[in-house]
Amino acid sequence: MTKQTNWYWPALIFAFIALVFASLTFANQTSIIPINSESSLALISNITIVATSLPIILFIFASALGFGTLLNKLLLKNLLTPTLSTTLGLGLIAIITYILAAFALLTQLSAAIFLVLGLIPLFFFRPNKTHFPNFLSLLSAPAIGILLVAAVGPPTTLWQVEAFGYDVTSYHLQIPREWLALGQMQGLTHNVYSYLPSLGESLYFLISTLNNSVTESIYTIQLFHASFAILTAVLLAQAIRPYTGRLYALLAPAFFLTIPWTLITASLAYNEMFMTAFAAAAITLTLQNKDRTRSSNILIGFFLGLATLAKPTAGFFFAIPIGLIILIPYLQPTSQITFKASIKAAIIVALAGFLTLCPYLIRNYAWTGNPVFPFATSSFPAHWAQVAYDIDTTPESGDALGTFSNNLTSTSPNLAKRWKRGHDITMSSESYFNALNRQFLTNRGYGSWSGSPTPPEKNNIARFTVENGIPILSITLLVAAIFALSSKNTRRPTITLLFLLFFQFLFWSFGTHLQSRFLIPTLLPIALIIAIGFARFYHLTHKRVAYLAPLTASFLILMLFATQAMTLWAQTTKIKNNAGRPTNVPPYYITGYFDFSSNNPELQPNHPLNNLPTDAHVLLIADNASLLYIKPEFTYNTAFDANPLGNIIRQYPNNATQVTKALKNIGITHVYVHHSEMKRLQETYGFDPAVSEQSIQQIAKLAHWKRIPTPNHSNVYTLYKLP
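On a predicted model such as this, the values are computed, not experimentally measured, just so you know. (Residues numbered from 1 in each chain as written. Predicted model: local features only at pLDDT ≥ 70, side-chain atom pairs only at ≥ 80, totals over all residues. Heavy atoms only, no water.)

## Let's talk about the overall build of the protein
Next, step 1: For the protein, the count of helices and strands is 27 helices and 11 strands.
Next, step 2: For the protein, with 723 residues in total, the buried portion stands at 57%.
Next, step 3: Excluding contacts between residues fewer than 6 apart, the proportion of contacts in the protein whose partners are at least 24 apart in sequence is 72%. (Helix = DSSP H or I, 4+ residues; strand = E, 2+ residues; numbered from the N terminus. Buried < 20%, exposed > 50% of the residue type's maximum accessible area, 1.4 Å probe, protein only. Contact = heavy atoms within 4.5 Å.)

## Re the confidence of the model for the protein
Next, step 1: Looking at the protein as a whole, its pLDDT mean stands at 87, while 89% of the residues score no less than 70.
Next, step 2: Across residues 388-412 the pLDDT falls below 50, and counting only partners more than four positions away or on other chains, this stretch makes 67 contacts in the model. (pLDDT = per-residue confidence, 0-100.)

## Some thoughts on the pairing of strand β7 (residues 617-621)
When a strand is regular, its side chains alternate between the sheet's two faces.
Next, step 1: When you tally the buried positions in β7, you get five out of five residues, the bulk of the element.
Next, step 2: Burial of the side chains of β7 extends over both faces: His617, Leu619 and Ile621 are buried on one face and Val618 and Leu620 on the other.
Next, step 3: Bridge analysis of β7 against strand β8 (residues 633-635) gives three bridges, and the strand direction is parallel. Looking at the pairing, histidine 617 lines up with glutamate 633 of β8. (Pairing = 2+ DSSP bridges.)

## So, the sheet that holds β8
Paired through backbone hydrogen bonds, the strands of a sheet run either parallel or antiparallel to each other.
Next, step 1: Taken in spatial order, the five strands line up as β8-β7-β9-β11-β10 in an open sheet, and their pairing is mixed. Each end of this open sheet is capped by a strand with a single partner; those strands are β8 and β10 (706-708). Mean inter-strand twist for the sheet, computed between neighbouring axes without regard to direction, equals 30°.
Next, step 2: Two elements, strand β9 (residues 670-674) and strand β11 (residues 717-721), share five bridges in a ladder whose sense is antiparallel. Along β11, the bridge assignment pairs tyrosine 672 with leucine 719.
Next, step 3: Taken strand by strand, helix α26 (residues 675-683) contacts β7, β9 and β11, and its axis lies near 60° from that of β9. (Axes fitted to C-alpha atoms, helices over the stretch in contact; angles between N-to-C directions.)

## Structural notes on the nonpolar core
Next, step 1: In terms of nonpolar packing, the biggest core is built from 200 residues, with Phe228, Phe303, Phe318, Ile621, Leu663, Val671 and Trp705 touching the most fellow members.
Next, step 2: By residue number, the principal contributor to this core is helix α9 (residues 218-249), which donates 18 residues.
Next, step 3: Leave out the neighbours within four places in its chain, and phenylalanine 303 touches Leu84, Thr87, Leu88, Phe278, Ala281, Ala282 and Leu285.
Next, step 4: Core analysis: the second largest hydrophobic core is formed by 12 residues, Ala616, Val618, Tyr672 and Leu719 among them. (Core = buried A, V, L, I, M, F, W, Y, C linked by side-chain atoms within 4.5 Å.)

## What to know about unusual backbone geometry
Next, step 1: Geometrically, the link from phenylalanine 373 to proline 374 is a cis peptide bond, its omega value of 15° lying close to zero.
Next, step 2: In this structure, alanine 163 takes a positive phi of about 55° despite not being glycine.
Next, step 3: Secondary-structure assignment places alanine 163 in the loop between α5 (141-151) and α6 (166-172).
Next, step 4: Non-glycine residue histidine 704 carries a positive phi angle of around 65°.
Next, step 5: Locating histidine 704 in the fold gives a position in the loop between α27 (693-702) and β10.

## What to know about the pattern of salt bridges
Next, step 1: A complete count under the given rule lists seven salt bridges for this structure.
Next, step 2: The residue arginine 517 makes a salt bridge to glutamate 162 at a minimum N-O spacing of 3.0 Å. Here glutamate 162 lies in the loop between α5 and α6 and arginine 517 lies in the loop between α20 (488-511) and α21 (523-541), a separation of 355 residues in the sequence. With respect to burial, arginine 517 and glutamate 162 carry one shared label: buried. (Salt bridge = Lys/Arg side-chain N within 4 Å of Asp/Glu carboxyl O.)

## Digging into the packing of aromatic side chains
Next, step 1: Taken as a whole and judged by the stated rule, the model has 31 aromatic pairs.
Next, step 2: Relative to tryptophan 569, the ring of phenylalanine 26 lies with its centre 5.5 Å away and its plane at 70°, an arrangement referred to as edge-to-face. Of this pair, phenylalanine 26 sits in helix α1 (residues 3-29) while tryptophan 569 is found in helix α22 (residues 548-570), placing the two residues 543 residues apart along the sequence.
Next, step 3: For phenylalanine 26, a relative accessible area of 25% puts it in the partly exposed group.
Next, step 4: Considering the side-chain rings of phenylalanine 316 and phenylalanine 507, the 4.7 Å spacing of their centres and the 5° angle between planes classify their relative orientation as stacked. Placement of the pair is phenylalanine 316 in helix α14 (residues 314-327) and phenylalanine 507 in helix α20, with a sequence separation of 191 residues.
Next, step 5: Classification of phenylalanine 316 by relative accessible area gives partly exposed; the value is 38%.
Next, step 6: Aromatic ring contacts, followed pair by pair, group Phe61, Tyr204, Phe224, Phe228, Phe274 and Phe278 into a single cluster. (Phe/Tyr/Trp six-rings, centres within 6.5 Å; stacked < 30°, edge-to-face > 60°.)

## Re the pairing of β9
Next, step 1: Counting buried residues in β9 gives five out of five residues, a clear majority hidden from the surface.
Next, step 2: Of the two faces of β9, the one lined by His670, Tyr672 and His674 and the one lined by Val671 and Val673 are each fully buried.
Next, step 3: Direction of pairing for β7 relative to β9: parallel, over a ladder of four bridges. Bridge pairing links isoleucine 621 to valine 673 in β9.

## A short note on the side chain of arginine 517
Next, step 1: On the basis of relative accessibility, which here comes to 14%, the residue arginine 517 falls in the buried class.
Next, step 2: Setting aside anything within four residues of it in sequence, one finds arginine 517 in contact with Glu162, Asp167, Trp261, Thr265, Tyr270, Glu272, Lys311 and Tyr446.

## Regarding α9
Next, step 1: The end-to-end C-alpha distance of α9 is 33 Å, clearly below the 46 Å that 32 residues give at a rise of 1.5 Å each.
Next, step 2: By the largest-angle criterion, tyrosine 243 marks the main kink of α9, which is about 120°.
Next, step 3: Of all 32 residues making up α9, 25 are buried, and the element is well covered by its neighbours. (Expected span 1.5 Å × (residues − 1). Bend = angle between axes of the 7 residues up to and from the residue.)

## Regarding a nonpolar patch on the surface
Next, step 1: A surface patch of nonpolar side chains, about 700 Å² in accessible area, is lined by Leu109, Ile113, Leu117, Ile120, Phe123 and Phe124.
Next, step 2: The topology assignment puts phenylalanine 123 in the loop between α4 (108-119) and α5.
Next, step 3: When its relative accessible area of 70% is taken as the criterion, phenylalanine 123 is described as exposed. (Patch = residues over 30% accessible without salt bridge, like charges linked within 9 Å, V, L, I, M, F, W, Y side chains within 5 Å. Areas by Shrake-Rupley, 256 points an atom, 1.4 Å probe, with all protein chains shown as cover.)

## A short note on the environment of alanine 237
Next, step 1: Along the polypeptide, alanine 237 turns up in helix α9.
Next, step 2: Given a relative accessible area of 5%, alanine 237 falls into the buried group.
Next, step 3: Residues alanine 237 and tyrosine 248, 11 residues apart in the sequence, show an inter-C-alpha distance of 8.5 Å.

## Some details on the packing of helix α2 (residues 37-74) against helix α3 (residues 82-102)
Next, step 1: Where α2 contacts α3, the two axes come as close as 6 Å, and the packing angle between them is 105°. Considering the angle they form, α2 stands roughly perpendicular to α3. Judged by residue contacts, Ile60, Phe61, Ser63, Ala64, Leu65, Phe67, Gly68, Thr69, Leu71 and Asn72 of α2 engage Pro82, Ser85, Thr86, Leu88, Gly89, Leu90, Leu92 and Ile93 from α3.
Next, step 2: Its residues placed into classes, the contact of α2 with α3 shows 11 nonpolar, seven polar and no charged. (Parallel < 35°, antiparallel > 145°, perpendicular 65-115°, else oblique. Nonpolar A, V, L, I, M, F, W, Y, C, P; charged D, E, K, R; others polar.)

## A closer look at the side chain of serine 448
Next, step 1: Looking at the secondary structure, you find serine 448 in strand β1 (residues 448-449).
Next, step 2: Within the local environment of serine 448, its side chain forms a polar contact with the backbone oxygen of asparagine 443, the two atoms lying 3.3 Å apart.
Next, step 3: Among all residues touching serine 448, those that are not within four sequence positions of it are Leu441, Thr442, Asn443, Gly469, Ile470, Pro471, Ile472 and Thr563. (Polar contact = N/O pair within 3.5 Å; in protein donor to acceptor, adjacent residues only side chain to side chain.)

## Some words on α2
Next, step 1: Helix length check: α2, at 38 residues, gives a terminal C-alpha distance of 55 Å against a target of 56 Å (1.5 Å per residue), a fit within 8%.
Next, step 2: In α2, a bend of some 40° at leucine 54 exceeds every other bend along the element, and proline 55, a proline, comes one to four places later.

## Some remarks on the environment of glutamate 178
Next, step 1: Tracing the sequence through the fold places glutamate 178 in helix α7 (residues 174-182).
Next, step 2: For the pair glutamate 178 and leucine 188, spaced 10 residues apart in sequence, the C-alpha separation works out to 8.8 Å.
Next, step 3: Leave out the neighbours within four places in its chain, and glutamate 178 touches Leu188, His190 and Tyr636.

As structure tokens, then:
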């Protein structure tokens with residue numbers, strides 16, 4: 001070990017940690033020096049939450065490394081690096097969790113046992129050697145610092161563009177919460193999202209089982225999902241290292257982590273980062289698979305299957321295009337691979353991917369008779385036909401059949417049609433090129449600088465406060481692609497990555513609603529192409545101006561980090577200032593503000609239903625935004641499931657007394673109606689035609705429901721107590 005090596009690694013590690021802490025402090029309060037005692041306490045709270053969440057996260061990752069190392073040594077002939085071994089182990093843990101949960105075998109004891117088993121191989125097998133990063137790794141530190149701040153923001157307080165985490169509280173964490181109460185992964189007839197593949201939700205179920213609570217695991221879950229963003233970044237560096245060298249390979253993770261959409265989705269309890277991590281592992285093996293071994297092809301299929309289990313659209317964003325890349329000899333990392341070998345490899349990848357998907361397909365078939373429910377309902381008409389009538393003779397609006405009358409006897413919403421309206425492959429109402437500009441090129445989520453205030457829009461609420469900025473990422477990608485294509489040494493991998501990127505944009509264009517978040521998969525090939533381009537840029541300029549390439553990269557990363565910071569400050573929830581006007585909440589006000597492990601109700605997110613008696617059982621009408629925070633027992637349904645009140649109204653038309661009696665027979669004591677949300681659903685996806693403002697008011701009047709006063713919220717919701 002040289003004298004330089006003795007001080008280099010400690011200095012690099014110290015500098016990395018210092019940058020993370022500086023960025024963490026800056027993200028909290030727009031200053032590196034604490035402004036006051038309150039901001040100092042917020043920073044301490046931030047660090048404390050991260051520290052208390054680390055044991056479980058490190059436990060899972062260490063177990064994954066053990067499982068992966070065991071397989072790598074015994075079956076894969078040392079094919080994998082420690083990072084890929086860890087990713088393989090995480091995939092194995094996810095599948096084991098999935099199967100145990102489906103058979104009601106996932107308990108605190110069983111979870112701990114199989115995770116401890118993963119640690120045992122580490123005592124007998126040493127992971128393969130890994131290369132330490134270089135100074136360009138420091139460019140990823142600011143993004144990690146701001147990610148830690150965002151990941152400890154309680155759900156519903158961050159990211160206006162994502163409806164303040166509506167999906168988190170309504171199903172990403174609510175479904176594991178119900179599974180934990182049931183002791184088993186089950187299809188929930190009132191929450192259609194429980195029938196999606198749910199690989200991420202099963203991992204959240206695992207963490208919640210270890211903690212014996214979902215609400216007490218919220219920060220751990222969010223940080224766990226954030227850790228997969230970091231894992232994705234490390235895999236990207238490994239994927240491109242043979243073409244860029246160790247130095248500029250680290251630009252790929254820096255660009256990936258410093259994109260606002262990465263920050264937003266990684267800090268929430270979503271499933272995007274599970275998808276990107278497993279897809280990045282598949283890309284790594286695809287770009288480096290020069291020998292085309294059977295083991296590596298099986299692993300590629302396994303990782304693509306896992307990515308699809310995490311998010312079904314990964315099948316189109318990653319599995320199909322990577323399968324085509326393997327099938328086309330020119331897109332291989334070496335020209336020595338024959339077409340016959342490519343066909344064989346593609347078949348192995350497809351079979352491995354299909355087998356990985358089988359637990360989901362079998363589970364859903366057993367639950368509904370449709371292996372891919374809620375998709376392909378015309379081919380497999382199951383589940384919805386069992387829980388509601390399949391008749392749709394009128395437009396789904398509150399006015400059309402929104403009265404309490406006999407014409408509701410045989411009419412019920414067509415739930416399959418409603419799902420198709422909300423999720424089917426359709427073109428957006430706006431032109432493609434306008435959508436491409438707004439949702440990607442000049443979109444703040446993809447690092448556009450500056451821009452103009454976003455005009456208010458009723459239908460498309462998933463928009464940032466600023467748009468039409470300078471497209472930093474897109475310009476960098478274009479220039480980097482030109483540099484990367486200019487060398488024969490990097491032309492083949494660049495064309496391969498451009499093919500993947502083209503296919504992703506093609507699917508986004510014709511297979512989605514053209515929303516910005518759906519393009520997150522494109523960040524993987526984009527980051528890799530940029531890294532190749534900068535490596536080529538350095539090769540052309542280092543003899544004249546040695547630091548031109550790294551300084552240019554640093555400048556672009558800092559500009560992207562600035563867009564992340566501005567997005568964080570602009571996307572928090574609103575409060576009223578001293579003048580009574582709405583204002584953005586500085587992140588330090590919400591960092592660690594809610595103590596989910598405390599029994600003190602003043603520290604819990606407040607919901608009007610939490611003031612009801614402990615024996616209350618509430619029927620929720622059109623309000624799933626805060627399911628995770630509601631303490632009393634409640635019954636609910638998503639917009640794409642049968643409405644309990646609507647079914648009862650159809651069963652007892654024009655008989656308010658019988659409707660009320662039927663509600664009480666299933667234990668309902670209160671009915672909670674969220675007016676604005678019901679109107680929104682009526683105007684968008686559709687809503688049960690039997691349930692409307694008019695029908696509810698008439699039933700309440702005829703059956704003498706008691707209206708509970710709701711100060712300051714009379715226009716938002718109404719709460720009734722049944723007689």
